[in-house]
Each structure stands twice: as C-alpha cells, then as structure tokens.
Amino acid sequence: MTALRHDWTRAEILALLELPFADLVARAQGVHREHHDPNAVQVSTLLSIKTGGCPEDCAYCPQAARYATGVEAEKLMDLDAVLAKAQAAKAAGATRFCMGAAWRSPKDRDIPKVAAMIGAVKALGMETCATLGMLSEPQAHALKHAGLDYYNHNLDSAPEFYTEIIHTREYQDRLDTLGHVRDAGLKICCGGIVGMGESREQRAGLLHALATLPAHPDSVPINRLVQVAGTPLAGTRALDPFEFVRTIAAARIAMPKSMVRLSAGRAEMSDELQALCFLAGANSIFYGEKLLTTGNPDVEHDQALFARLGIHALEVDVESNTVHADIVERCAAEAAA
Ligand code: SAM
Ligand code: DTB
Ligand code: SF4
C-alpha cells in the first residue's frame, strides 16, 4: 500500500509531471487502484445560492463585480428554492450538494440562513458542501454545528502565481480559512485552477502546496479555466489537454486517498479526454447542467458516458452521514428567528 506522504518536494512533483505520459498515467492508475474502486465516481451538484456582485478581483471569475461579464448580482436565494434544486439534483442521481456564494466572506447574519439550507439539504439524505469565501473560526464551527460535511476553499494556484491572479486577499488568508475549517472538524475540499497561463513548474507548485497541507484535502477539485468574456483571463492560451491529464495524475499520486475531482471545464472536453482523466485517477465530478454561472455537460450525456465506461456513481456513506433531526429543526428555528 502506498504510504501517505506529507513531505513531497516541489521538485519531486515536477518530476512526476515530466514523466513520459504512459509512465505517469500507469503509475497514477496503480496508486488509484490501491486506494479506490477504479470504476466508482462521486457526483456532486453545484448551486449558486448567491450570484455575482463579488468585491474580489479573482482574474478568472465571472462573478467579480468589477468585470463586465453579463452576470447580474442577485441576492441570497430563499430556502424553498434551494431545497427544490437539491431535490432535483438528488432525483438526477447526485449524492452531494454544494452551495456556492459570491462572497469575499459571509457576514455573521448570513450564517443562520445558510445553516438552514444545510440542515434542509442534509435532511434529504445528501452530503452537504458549501463554498462561501473566507471563514472565521466561529463561522466554521457554526456551519459544522448546522450539519455541514465539506467546505470548499481553493488555493487556486502556486503561491507565486497567485499574486498575478488575485490582489484582494492573500494566500495566507486562504491557509487561515482552511485552518479554521479543519479545526471545526469539517472535511476539506481544496484544489485549484489550471490553464491560467501558469508554467508546468507552477502547476507543480499548486500540487505541492495542496499535498503539504497539515492533512491532504478529502477532496481535490482540479478546474480547467473556463474562459469568460470580460474577465482578465479571457483569451489566455488554452492549456494542452495532455498537460491537464498530467496534473490529475500527479494529484492522484501525491494525494493517494483524496477524491480528485475533474471539475470546471468538462463542457469543453471530449469524452475521450474525460476518460483519460478517469484513467489518470480522477474519481469525482460536478454533475448537472450548470456549475455556478457557466455550463456543464447535460445529465443525459454524463449518464451515457458513465455507461459507456462502465462507471457507477459512488453511494453516500450512510454511517458517516447520519441525519440528525434535531439539527434540522434547530436550523429552521434559528433561520425563522
Ligand atoms: N467566493 C468564494 C471563493 O472564492 O472562495 C466561493 C465561490 S468561488 C466561485 C469557488 C471557486 O471556483 C474558485 O476558488 C475557483 O477555483 C473556481 N472558479 C471560479 N471561476 C472559475 C472559472 N472561470 N474557471 C474555473 N474555475 C473557476
Ligand atoms: C471548484 O473548485 N469549482 C467549482 C466549485 N469549486 C465551487 C466552481 C467552478 C466555477 C466555474 C465558473 C462558474 O460557473 O461560474
Ligand atoms: Fe468572488 Fe469567489 Fe469569484 Fe473570487 S472566485 S471573485 S471571491 S466569487
């Protein structure tokens, strides 16, 4: 059994990315088979519960208020509307529901409203995930208390490339939030974006930063930049698709037990490229017609792809996902107050 390592050097990860393609994919598939069912893929559906109008300047993001992308700022969705979307996602086969908000960080007054959403989604028997920006320690605890399973907060890129992409918050801010999330006992979903014009060395830097966190993230989303007109990164030279597969494979080898998610960018990928990503160790996807504001493959298309590849959706781990009726009731009462 490959041991979990937390002492990866950046040079070692770069050396993985530089292996001959077949050697890299074979090694990743070997690690994958040691730790996971190679034919099982976890499926999460995203919902943007608070869209647009964000004060941050992330150069990739269609929701930043300062870029003219056509995304209108909306207010936080109502509980009933969120619940209806979660029910539809469950009916389509998703087992995890991830709620995203275009916030720098939530205001304390937002937390009970989001907590009520978490409690209601959990009561459907789904795993819950949220991505709301930077969190304070008490906020992380409040979300855990509400029944949240996962918190998504990405490092996005290597530390030195990060400063070219985002200026309104620092890498250390992200590490601090991840610390609060970890201390609150939440599972961590943390990854990044490739195809932003970074070098291979910088892709190694992102994977190194992820693999040397105090614990490997439970889930590692690898996003391929979705280029949105109006954002500073629109027009960036597209990444070689094999380089994307290499990034997935190196993530799988460096973080053997983590779920590696083939994330944003699937709508622009061929079925064959996605199959290569699964072969390289990806075992989770975002499922459903929309990511947050941009498109994702049709449910029918993904179901057909799974059938063609003999892939089955991973079930919710019932034992670790017990729904506590008291949490649901308390959240509803707190939201109403
Ligand atoms: N506002 C919160 C934050 O930034 O932490 C949560 C939502 S934010 C949209 C979540 C993640 O989506 C970002 O960290 C980034 O990795 C990813 N993302 C945003 N726009 C993207 C794009 N155009 N292409 C690929 N990934 C993107
Ligand atoms: C993540 O790493 N990717 C997702 C999720 N976490 C929140 C978001 C992708 C967003 C793509 C651009 C959009 O649809 O707005
Ligand atoms: Fe705001 Fe998140 Fe988009 Fe950055 S990635 S602009 S913080 S919504």
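Computed from a prediction, not measured in an experiment: that's the story for all the values here. (Residues numbered from 1 in each chain as written. Chains lettered and ligands numbered in written order. Predicted model: local features only at pLDDT ≥ 70, side-chain atom pairs only at ≥ 80, totals over all residues. Heavy atoms only, no water.)

Colleague: When you look at the site of ligand 3 in this model, what are you seeing that I'm missing?
Modeller: Taken together, C54, E56, C58, Y60, C61, A64, A102, W103 and R169 form the complete shell of residues around ligand 3. More than half of the atoms of ligand 3 fall within 2 Å of the grid points belonging to the largest cavity. Its residues assigned to classes, the shell around ligand 3 comprises 7 nonpolar, no polar and 2 charged. (Near = heavy atom within 4 Å. 1 Å grid on protein atoms, 1.4 Å probe; cavity = no way out; pocket = protein on both sides within 12 Å on 5 of 7 lines; lining within 4 Å. Sits in = over half its atoms within 2 Å of the grid points. Nonpolar A, V, L, I, M, F, W, Y, C, P; charged D, E, K, R; others polar.)

Colleague: Honestly, the layout of surface pockets in this entry has me stumped. Any pointers?
Modeller: Gaps left between atoms show up when a probe the size of a water molecule is rolled over them. The calculated volume of the largest pocket comes to roughly 410 Å³. In this structure, the largest pocket is lined by 20 residues; those nearest its centre are L46, L47, K85, K290 and L291. Elements represented by at least two residues in the lining of the largest pocket include exactly β1 (40-50) and α3 (79-92). (Points joined across faces, edges and corners; volume = space filled by probe spheres on them. Helix = DSSP H or I, 4+ residues; strand = E, 2+ residues; numbered from the N terminus.)

Colleague: Looking at this structure, how should I read the nonpolar core?
Modeller: Nonpolar side chains tend to gather and get buried jointly when the protein is soluble and globular. Ranked by size, the top nonpolar core spans 92 residues in total, and within it I49 and Y60 carry the most contacts. Ranked by residue count, the leading element in this core is helix α9 (residues 241-254), at 8 residues. Apart from the residues within four sequence positions on either side, Y60 is in contact with D156, I165, I166, R174, I193, M196, L225, V226, T231 and L233. Counting 9 residues, the second largest nonpolar core, distinct from the first, contains L46, C98, V228 and L291. (Core = buried A, V, L, I, M, F, W, Y, C linked by side-chain atoms within 4.5 Å. Buried < 20%, exposed > 50% of the residue type's maximum accessible area, 1.4 Å probe, protein only. Contact = heavy atoms within 4.5 Å.)

Colleague: Sorry, what's going on with unusual backbone geometry here?
Modeller: Across residues other than glycine, the phi torsion is negative in most instances, and most of the peptide bonds are trans. The backbone of D156 shows a phi angle near 75°, a positive value even though the residue is not glycine. Positionally, D156 belongs in the loop between β4 (150-152) and α6 (159-165). Classification of D156 by relative accessible area gives buried; the value is 3%.

Colleague: What exactly am I supposed to notice about the UniProt feature "binding site: [4Fe-4S] cluster" (unreviewed entry) in the protein here?
Modeller: Feature annotation in UniProt assigns "binding site: [4Fe-4S] cluster" (unreviewed entry) to the following positions: C54, C58 and C61. Of the annotated set, the members that line the largest cavity are C54, C58 and C61. Examined against the element boundaries, C54 turns out to sit in the loop between β1 and α3. Given the relative accessible area of 10%, C54 is considered buried. Each residue touching C54, except ones within four places of it in the same chain, is listed here: Q63, A64, A65, A102, W103 and R104. By the element assignment, C61 lies in the loop between β1 and α3. In contact with C61, not counting residues within four places along its chain, are Y67 and T231. (UniProt positions renumbered as here; feature names shortened; annotations may be inferred.)

Colleague: Is there a simple way to explain the UniProt feature "domain: Radical SAM core" (unreviewed entry) in the protein in this structure?
Modeller: According to UniProt, the "domain: Radical SAM core" (unreviewed entry) feature falls on residues 39-266. End-to-end, the C-alpha atoms of residues 39-266 are 19 Å apart, and along that stretch the chain is 36% helix and 18% strand.

Colleague: What am I meant to see in the site of ligand 2 here?
Modeller: Among the 13 residues in the neighbourhood of ligand 2, the closest are listed as N154, N223, L292, T293 and T294. In the model, an oxygen atom of ligand 2 is placed 2.8 Å from a nitrogen or oxygen of the N154 side chain. One nitrogen or oxygen atom from the side chain of T294 is found 2.8 Å from an oxygen atom belonging to ligand 2. Contact with the protein chains hides 88% of the accessible area of ligand 2, taken as 400 Å² for the molecule alone. Given that more than half its atoms are within 2 Å of the pocket grid, ligand 2 belongs to the largest cavity. (Polar contact = N/O pair within 3.5 Å; in protein donor to acceptor, adjacent residues only side chain to side chain. Areas by Shrake-Rupley, 256 points an atom, 1.4 Å probe, with all protein chains shown as cover.)

Colleague: So what exactly am I meant to see when it comes to the pattern of salt bridges here?
Modeller: Working definition: two side chains of opposite charge can pair if their charged atoms are close together. According to the stated counting rule, one finds 14 salt bridges in the structure shown. Of the charged contacts in the structure, one is a salt bridge between E12 and R5, with a shortest N-O distance of 2.8 Å. With a closest N to O distance of 3.1 Å, D149 and K122 form a salt bridge. One end of the pair, D149, is in the loop between α5 (137-145) and β4; the other, K122, is in helix α4 (residues 111-122), and 27 residues separate them in sequence. Through salt bridges with shared partners, one network takes in E198, R200, R203 and E243. (Salt bridge = Lys/Arg side-chain N within 4 Å of Asp/Glu carboxyl O.)

Colleague: Looking at this structure, how should I read the side chain of T128?
Modeller: Note that T128 resides in strand β3 (residues 127-131). The buried category is assigned to T128, whose relative accessible area is 0%. A polar contact of 3.2 Å, which involves the side chain of T128, links it to the backbone oxygen of G147. In this structure T128 touches R96, F97, I118, V121, K122, G147, L148, D149 and Y150, once residues within four positions along its chain are discounted.

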